[in-house]
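If you want the building blocks of each chain, they are given just below.
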Amino acid sequence: MTAKSRLDAIRRLLIHAHERLDLAFGFKLWDGSTIPENLPKDALMVRLADEAMIAALLRKPNIDTLANLWVSARIDILNGSIFDLVARRPAIRTKALLRSLDKKDVVTTLMRFLFLSRGGPFPLEQVRGHKALKDGSEAANRDNVHYHYDVSNDFYALFLDPEMVYTCAYFRDWQNDIATAQQDKLHMICRKLRLQAGDRMLDIGCGWGALVCHAAQHYGVHATGVTLSTEQAELARAKIKRLGLEGQVDIQLQDYTKMQGQFDKISSIGMFEQVGIANYPTYFSSVNRLLRPGGLYLHHTIARPAKRDDKAFAKHAKEYAALTRYIFPGGELDHLGMSISNLQRHGFEVQDVEGWREHYARTCRLWHDKLLENQAAAEAAIGSVKTRLWLAYLAGCSLAFQRNTVGIFQTLASKRLKGPAELPPTRADLYADWA
């Protein structure tokens, strides 16, 4: 069977599929031909770079194979993004789609490719994320954090806001740009914590230091940030020096469990996802130990929807497994009820809960679009494989939040007192006098 006969067969199959499904995008095959023929050069197309990628998908039709083909550009999107392709996907469900095609023709065509070499490369097969330790030890935590965050400060600067905030933004207006939304998020965190001049504040998983610097500058607190990322700590310390905040802001490069002292206010913004469910008792006990009686803790974390029981919740979708393997080794998500239960079990009183799901859908979309705009610079900084992996990750996260398959919540809690909590009688102070 010749390469030409295989090419002709797959072309016929794709033409048939395109006509039956009335697709709003085309295909570009490895010989340069397009389906339909004579597509405009700027038309949205799915590019199939070689015939061996079809063999790879046939042998292992799973998300890992697709991810490898994507990061190596053996499957690509021309003249658009993942979002454009999703927006133009056929409304018909997958099973109905398959029923609409001639099964005999499909099987006969695909059998021509089944015994080909699957080609290469498959760069993600070397990724060690699926072997990540989840024991909660400092060594495991440091290794997992290093994998995701110590990619390159220059890389993250290509798609984050000027303050390098790598957590969900807060859109007071859906049309706000990412820099405005992140500034508003920092203010909202400080307002929820009711920061006052002189407060001792701890930010667990402080990233590049945006929140601790913001809190010190605008609210007069003495702030400590803790991180396990060497590159984040270096940039944060340089920022503190540049802003003249030495003596008011401190960055600790160590595990949160090793922190000592007591703080009036504690924040954890987008760090909890990497703790691991088995390590929750250690985490919440550590936060309680570090927080003074009556002090406030803001728990900001992504969460999965609860299932009918714990056994059902423990089952993970394939997309979730891929995320923890390729992007966040060691990571796990709880559900909102689990967070609230753990807070109460470890000496906290829950004061407020707010869902930010649509805010994170918008945040990830803006990050993706900015990274796509700077794709050439990103590839120069960290290579094409990791750049394409991050593009898929940001797009996938945005779509997951948009479709409500995952959520994110800010939960405000206080260290339990026998008397009244140290809070205003209403939420009015959170929204008054925005700058």
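Scroll up to find the structure this text is about.
Cut-offs applied
Residues numbered from 1 in each chain as written. Predicted model: local features only at pLDDT ≥ 70, side-chain atom pairs only at ≥ 80, totals over all residues. Heavy atoms only, no water. Buried < 20%, exposed > 50% of the residue type's maximum accessible area, 1.4 Å probe, protein only. Helix = DSSP H or I, 4+ residues; strand = E, 2+ residues; numbered from the N terminus. Contact = heavy atoms within 4.5 Å. Patch = residues over 30% accessible without salt bridge, like charges linked within 9 Å, V, L, I, M, F, W, Y side chains within 5 Å. Areas by Shrake-Rupley, 256 points an atom, 1.4 Å probe, with all protein chains shown as cover. Salt bridge = Lys/Arg side-chain N within 4 Å of Asp/Glu carboxyl O. Expected span 1.5 Å × (residues − 1). Polar contact = N/O pair within 3.5 Å; in protein donor to acceptor, adjacent residues only side chain to side chain. Pairing = 2+ DSSP bridges. Axes fitted to C-alpha atoms, helices over the stretch in contact; angles between N-to-C directions.

J.: Can you lay out helix 2 (residues 52–59) for me, pointing to particular residues and giving the numbers?
T.: Listing the buried residues of helix 2 in full gives Ala52, Met53, Ile54, Ala55 and Ala56. The elements touched by buried residues of helix 2 are helix 1 (3–21), strand 3 (45–48), helix 3 (63–71), strand 4 (75–78) and helix 6 (103–111).

J.: Any chance you could break down a nonpolar patch on the surface for me, citing the residues and the numbers?
T.: Residues Val107, Met111 and Phe115 make up a contiguous nonpolar surface patch of roughly 350 Å² in combined accessible area. Checked against the element boundaries, Met111 lands in helix 6.

J.: Could you give an account of helix 9 (residues 178–192), with specific residues and numbers?
T.: For helix 9, with 15 residues, the first-to-last C-alpha span of 21 Å sits near the 21 Å given by 1.5 Å per residue. Most of helix 9 sits out of view: 12 of its 15 residues are buried. Along helix 9, the residues that are buried comprise Ile178, Ala181, Gln182, Asp184, Lys185, Leu186, His187, Met188, Ile189, Cys190, Arg191 and Lys192. Following helix 9 by one or two positions, Arg194 adopts a phi angle in the positive range, close to 50 degrees.

J.: I'd like to hear about the side chain of His299, residue by residue, with values.
T.: Mapped onto the secondary structure, His299 falls in strand 9 (residues 291–303). On the accessibility criterion, His299 (1% relative accessible area) is buried. A polar atom in the side chain of His299 sits 2.6 Å from the side chain of Tyr297. When residues no more than four places from it in sequence are discounted, the contact partners of His299 are Ser268, Phe272, Tyr283, Phe284, Ser339, Phe409, Gln410 and Thr411.

J.: Can you break down the sheet that holds strand 10 (residues 348–355) residue by residue, with the values?
T.: Spatial ordering of the open sheet is given by 7-6-5-8-9-11-10, a layout of 7 strands whose pairing is mixed. Strand pairing shows two members of the sheet lacking a second neighbour, strand 7 (249–253) and strand 10, which therefore form its edges. If you compare each strand with its neighbour and ignore which way they point, the axes differ by 15 degrees on average. Pairing of strand 6 (residues 222–227) with strand 7 involves 5 bridges; the strand directions are parallel. Directly across from Ala223, in strand 7, lies its bridge partner Val249. In the packing of helix 10 (residues 210–219) onto the sheet, the strands contacted are strand 5 (200–204), strand 6, strand 7 and strand 8 (263–269), and the crossing angle to strand 5 comes to about 165 degrees.

J.: Can you break down the sheet that holds strand 3 residue by residue, with the values?
T.: Taken together, 4 strands build an open sheet; the order of strands is 2-1-3-4 and the sheet is mixed. Pairing within the sheet leaves two strands with one partner each, and these edge strands are strand 2 (34–35) and strand 4. The sheet contact formed by strand 1 (residues 26–28) and strand 2 spans 2 bridges and is antiparallel. The residue bridging Lys28 from the neighbouring strand is Thr34, located in strand 2.

J.: Summarise the pattern of salt bridges; cite the residues concerned and give the values.
T.: Inspection of the entire model under this criterion finds 18 salt bridges. Taking the shortest distance from any N to any O, the salt bridge between Arg6 and Glu51 comes out at 2.9 Å. Placement of Arg6 in helix 1 and of Glu51 in the loop between strand 3 and helix 2 is noted, with a sequence separation of 45 residues between them. There is no split in this pair, since Arg6 and Glu51 are both buried.

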